[in-house]
Amino acid sequence: MTEKKLSARERNERAVAEMADTVMRDTRWDWMRTRRARRGIVAIMIALLVAMPVAWLTLPALAALGVIGLAAIAWWALRMSVRVVADLPDEYLDERQSRVRDRAYVEAYRWFAGVTLLAATIALIAFVVVSDDDLVTLELSWGAVMAIFWAFEGLALALPSIVLALREPDRT
């Protein structure tokens, strides 16, 4: 079948299959796949997850976007360090990889829910402390909104791969 006759879905499936095959066979990034390297990448990713909202609150927007760019590079390295197992559909994984990925998502969801609930609880306590007769005006700057967005966006995207990176043993 020619490329023109393939539907967008078929082209997407073919691209995912080619990417999965390439990543699974690729040995260029094996140096990132040791436990020590994965832990280092996780530490960098966590530091950048903290730095992103701080950057939006304290730096000019262009500098904050630079921090986002660094976080994107760290996220890519994190995904490569676990062979993008967290992102691949079931048909591209063997049974063990599928189970590992599913466990990682459950744990990542628990961590994400915990962080979100902690943030909501802190926000509620802050409201109770500063409100006068249950009335408070909340004004958010563009930087504050971006800080909140990128903190949760980064956490949601990175947590499954972070869990995989920390849980997977070294391959020998």
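Novice: Now, about the pattern of salt bridges: what can you tell me, with residues and values included?
Specialist: Tallying each qualifying case throughout the model produces nine salt bridges. Note that D90 and R101 form a salt bridge whose closest N and O atoms lie 2.2 Å from each other. With D90 in the loop between α3 (61-81) and α4 (95-130) and R101 in helix α4, this pair connects stretches of sequence that are 11 residues apart. Here R101 falls in the buried class, since its relative accessible area comes to 8%.

Novice: Can you break down the side chain of S98 residue by residue, with the values?
Specialist: Along the chain, S98 falls in helix α4. When its relative accessible area of 15% is taken as the criterion, S98 is described as buried. Reaching out from S98, the side chain makes a polar contact with the side chain of D90 at a distance of 3.2 Å. In this structure, S98 is in contact with D90 and L93, ignoring residues within four places of it in sequence.

Novice: Pulling in residues and values, what's your account of unusual backbone geometry?
Specialist: Of note, the phi angle at R83 is positive, near 55 degrees, even though the residue is not glycine. With a phi angle near 50 degrees, V84 is a residue other than glycine that sits in the positive phi range. Turning to its location among the elements, V84 is positioned in the loop between α3 and α4. On the accessibility criterion, V84 (1% relative accessible area) is buried.

Rules and cut-offs
Residues numbered from 1 in each chain as written. Predicted model: local features only at pLDDT ≥ 70, side-chain atom pairs only at ≥ 80, totals over all residues. Heavy atoms only, no water. Salt bridge = Lys/Arg side-chain N within 4 Å of Asp/Glu carboxyl O. Helix = DSSP H or I, 4+ residues; strand = E, 2+ residues; numbered from the N terminus. Buried < 20%, exposed > 50% of the residue type's maximum accessible area, 1.4 Å probe, protein only. Polar contact = N/O pair within 3.5 Å; in protein donor to acceptor, adjacent residues only side chain to side chain. Contact = heavy atoms within 4.5 Å.

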